Amino acid sequence: MSKATGGGSRAGKTSGRGQRDLKVRVKTAKGRKLSSKLWLERQLNDPYVARARREGYRGRAAYKILELDDKYRFLTPGARVVDLGCAPGGWCQVAVARVNALGETGGKAQGRVLGVDLQEVDPIAGAEIHVLDFLEDGADDRVKDWLGGPADVVMSDMAAASSGHKGTDHLRIVALVEAAAQLAFDVLEPGGTFVAKVLAGGAEAEMQTMLKQNFDKVANVKPPASRSDSSEKFVVATGFRGRRSSAAGDGQEEEPSDESDDAPSP
Ligand SMILES: C[S@@+](CC[C@H](N)C(=O)[O-])C[C@H]1O[C@@H](n2cnc3c(N)ncnc32)[C@H](O)[C@@H]1O
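Residues numbered from 1 in each chain as written. Predicted model: local features only at pLDDT ≥ 70, side-chain atom pairs only at ≥ 80, totals over all residues. Heavy atoms only, no water.

Q: I'm lost on the overall build of the protein in this one. Help?
A: Counting secondary structure elements, the protein contains seven helices and seven strands. Counting from the amino terminus, helix and strand elements in the protein follow one another as α-α-α-β-α-β-β-α-β-α-β-α-β-β. With 266 residues in all, the protein has 46% of them scored as buried. As presented, the protein carries roughly 13800 Å² of accessible surface, and 50% of it is formed by carbon and sulfur atoms. (Helix = DSSP H or I, 4+ residues; strand = E, 2+ residues; numbered from the N terminus. Buried < 20%, exposed > 50% of the residue type's maximum accessible area, 1.4 Å probe, protein only. Areas by Shrake-Rupley, 256 points an atom, 1.4 Å probe, with all protein chains shown as cover.)

Structure below.
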């Protein structure tokens, strides 16, 4: 398998769709559930899965962050990145390649990638990875300690295992996004970027309002690599306005600011 080097370059933006024409069908073997058969069939026929294997990424999720970054350009050389829910490591691989790529002056930049996940992750050169339940008490303080300073990007692909109930799954992912956003408000440098996976549904409205109060732009995007039959999408909030309004929306604004009129009313 070749090494994942494509992340350092912003060239080659083909979605990969249509690269395989022959559909592989999986027989229902004894003991294999229909859901496993369908999952296997989907994996075998997914051009992104094949491409990830070819290009040395740990999973097809790598293409989601590649596509988002190709559009919004937040994984810049030298950037300090926090990757929440990083297992098995595709986003980290992309981040390491891009934040350590050649800078505009031609010099090699020294970025930083800190990943956390509930699960163990095989080491990735250039990334610091910790096992952590980000919803447990004090988790954000532990991340801040590991980080030891501000970050330029906080990204979250965290997703709880599916409960089979759409509403429950949605609420769980909103809780994960809110926790990730709180960390972003605490550690991002002004101008920083927050990227998070969300599921389409009603309960996210409050979170979107909170993001709009704290970032110059908030976009909701479904990158081509995100499966069309999945309700996942990504929120990309750019231009963090700084900590002054980080608690806006919960009635505990930290300090008054002349610019607070810019924020939309809750
Ligand atoms: C879709 S996967 C992430 C894929 C990853 N971005 C990549 O490119 O390899 C979602 C991850 O979120 C993690 N996760 C879910 N809840 C979490 C939590 N409370 N704390 C930390 N990680 C969590 C899961 O363990 C899982 O590995």
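Q: Honestly, the site of the ligand in this entry has me stumped. Any pointers?
A: Around the ligand, the surrounding shell holds 20 residues, and the nearest of these are W91, D117, D133, F134 and D157. A distance of 3.0 Å is found between an oxygen atom of the ligand and a backbone nitrogen or oxygen belonging to G90. W91 places a polar main-chain atom, nitrogen or oxygen, 2.9 Å from an oxygen atom of the ligand. Across the complex, the protein chains shield 88% of the 600 Å² of accessible surface that the ligand would expose by itself. Across the shell around the ligand, the residue classes break down as 12 nonpolar, four polar and four charged. (Near = heavy atom within 4 Å. Polar contact = N/O pair within 3.5 Å; in protein donor to acceptor, adjacent residues only side chain to side chain. Nonpolar A, V, L, I, M, F, W, Y, C, P; charged D, E, K, R; others polar.)

Q: How should the side chain of D83 be read in this particular structure?
A: For D83, the location among the structural elements is in strand 1 (residues 80-84). Buried charge D83 goes without a salt bridge, the closest partner of opposite sign being R58 at 9.9 Å. (Lys, Arg positive; Asp, Glu negative; His and termini not counted. Salt bridge = Lys/Arg side-chain N within 4 Å of Asp/Glu carboxyl O.)

Q: What is the right way to look at the packing of aromatic side chains in this model?
A: The description of an aromatic ring pair rests on the distance of the ring centres and on the angle between the ring planes. Per the counting criterion, the structure on display carries six aromatic pairs. A ring pair is formed by Y48 and Y63, whose centres lie 5.6 Å apart and whose planes are at 45°; its orientation type is tilted. One end of the pair, Y48, is in helix 2 (residues 47-55); the other, Y63, is in helix 3 (residues 62-72), and 15 residues separate them in sequence. Exposure class is identical for Y48 and Y63. Each is buried. Geometrically, the ring pair formed by W91 and F234 is tilted, given 5.9 Å between the ring centres and 45° between the ring planes. (Phe/Tyr/Trp six-rings, centres within 6.5 Å; stacked < 30°, edge-to-face > 60°.)

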